[in-house]
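One letter stands for each residue in the lines below.
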Amino acid sequence: MKTPIVLALAALAAAALPAHARSVVVNQALTEKEVLAAQQGWCKALVDISTTGARNGQPAAKALAEQVIDSAYGYQMGAVLFKPTLTTNPQTFRTTRAGALAYFVGGDAAFPQDTGFALKGWTGCKVENAGLFLAGDSATTMGKVHLTNRDGQTTTVDKTWKFVKDDAGALRIVAHHSSLEYAAR
C-alpha cells in the first residue's frame with residue numbers, strides 16, 4: 001500500500017521540476033576568459049591614456065582616465081583597495097576615486113607627489129599571470145605586468161588584482177596591488 005503513495009509523491013515532485021526550471025537564476029560567477037579580458041582591457045586603457053596625454057595633453061588624458069576608472073574599478077561600490085606602484089607614505093593607498101585619478105594622471109593638489117603614472121609614455125603592456133584563483137563571484141590574479149615605454153625599455157611590476165561583478169554584471173577591480181620587483185643588492 002505504501003508503494004502507490006511513494007510513486008504518487010515522486011510523480012508530483014517530477015511534475016514540479018519544470019516550474020522550478022523556469023525560475024529566475026542569478027549567476028555572478030566569473031570565468032577565466034572574463035578575467036583575462038579585463039586584464040587586457042586594463043593594459044589597453046593604460047596605453048590609451050598615455051597616448052592621449054602625449055598627443056592631446058593632460059586634460060584629455062584626465063578625461064579618458066576618469067572614464068577608465070569609472071568602467072574598470074569598483075569605486076561606485078565603495079572603497080577600492082588600491083596600492084599603486086610608485087606611491088609613498090602618507091599617500092601610499094588610494095581607496096578613493098580621486099586618489100586613483102591623481103595617481104594615473106597627476107594634477108591634483110591634494111596629491112602633490114603624483115606626476116601621472118599613466119603619462120610615462122607607455123606604448124605596450126603585457127600581463128603574465130603566475131596564478132588565477134576563481135571563487136564563484138570573485139577572482140584574484142597575481143603575476144607580472146610588463147610595461148614598455150616609447151624608447152623600447154621595459155619596466156616589470158608585480159601585480160595582484162581582485163575582481164568582482166557589480167549588480168549589472170560588469171567586472172570591477174576592487175583590489176589592486178602593484179610594486180616594482182625586488183632588486184637584491
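Residues numbered from 1 in each chain as written. Predicted model: local features only at pLDDT ≥ 70, side-chain atom pairs only at ≥ 80, totals over all residues. Heavy atoms only, no water.

## Quick word on the overall build of the protein chain
Rules: Strands are runs of DSSP state E lasting at least 2 residues, helices are runs of H or I lasting at least 4, and numbering of each runs from the N terminus. A simple rule labels every residue: compare its accessible area, found with a 1.4 Å probe on the protein chains alone, to the largest value its type can have, and call it buried under 20%, exposed over 50%, or partly exposed in between. When checking whether two residues touch, look at their non-hydrogen atoms; a contact exists if any pair is within 4.5 Å.
Of regular secondary structure, the protein chain possesses 4 helices and 5 strands. In the protein chain, which comprises 185 residues, the share counted as buried stands at 37%. Of all intrachain contacts in the protein chain linking residues separated by at least 6 positions in sequence, the fraction that spans at least 24 positions is 50%.

## Let's talk about the state of the cysteines
To be explicit about the condition: Cysteine sulfur atoms are paired as a disulfide whenever they come within 2.5 Å of each other.
This model, assessed by the stated rule, comprises 1 disulfide. Residue C43 pairs covalently with C125 via a disulfide, S to S 2.1 Å. Taking the sign of the torsion about the S-S bond as the criterion, the disulfide between C43 and C125, at about -45 degrees, is left-handed. Taken together, the positions of C43 in helix α2 (residues 32-56) and C125 in strand β2 (residues 122-135) put the pair 82 residues apart, joining distant regions of the chain.

## Comments concerning the sheet that holds strand β5 (residues 171-180)
The cut-off we apply is this: DSSP calls a pair of strands paired once it identifies at least 2 bridges connecting them. Whenever a helix is involved, its axis is fitted only over the stretch in contact; in every case the axis is a line through C-alpha atoms, and angles between N-to-C directions fall within 0 to 180 degrees.
Reading across from one edge, β1-β5-β4-β3-β2 is the order of the 5 strands in this open sheet, with mixed pairing throughout. Edge strands, defined here as strands with exactly one partner in the open sheet, are β1 (81-83) and β2. For this sheet the average axis-to-axis angle between neighbouring strands, irrespective of direction, equals 25 degrees. Where β1 meets β5, 3 bridges bridge the pair, whose relative direction is parallel. Of the residues in β5, the one forming a bridge with L81 is A175. In the packing of α2 onto the sheet, the strands contacted are β2, β3 (138-149), β4 (154-165) and β5, and the crossing angle to β2 comes to about 155 degrees.

## Side note on empty space enclosed by the protein
The criterion, for reference: Here a cavity denotes a set of grid points, spaced 1 Å apart and computed over the protein atoms alone, in which a 1.4 Å probe fits but from which it cannot get out, and a pocket denotes an open set meeting protein on both sides within 12 Å along at least five of seven lines; residues with an atom within 4 Å of a point are reported as lining. Grid points are joined across faces, edges and corners, and a volume is the space filled by probe spheres set on the points.
The full count for this structure, using the stated rule, is 4 cavities of 30 Å³ or more. In this structure, the largest cavity encloses a volume near 50 Å³. Along its surface, the largest cavity is lined by W42, A45, L46, I49, V68, I69, Y73 and F104. When residues of the lining of the largest cavity are traced back to their parent elements, those giving at least two are α2 and α3 (58-72).

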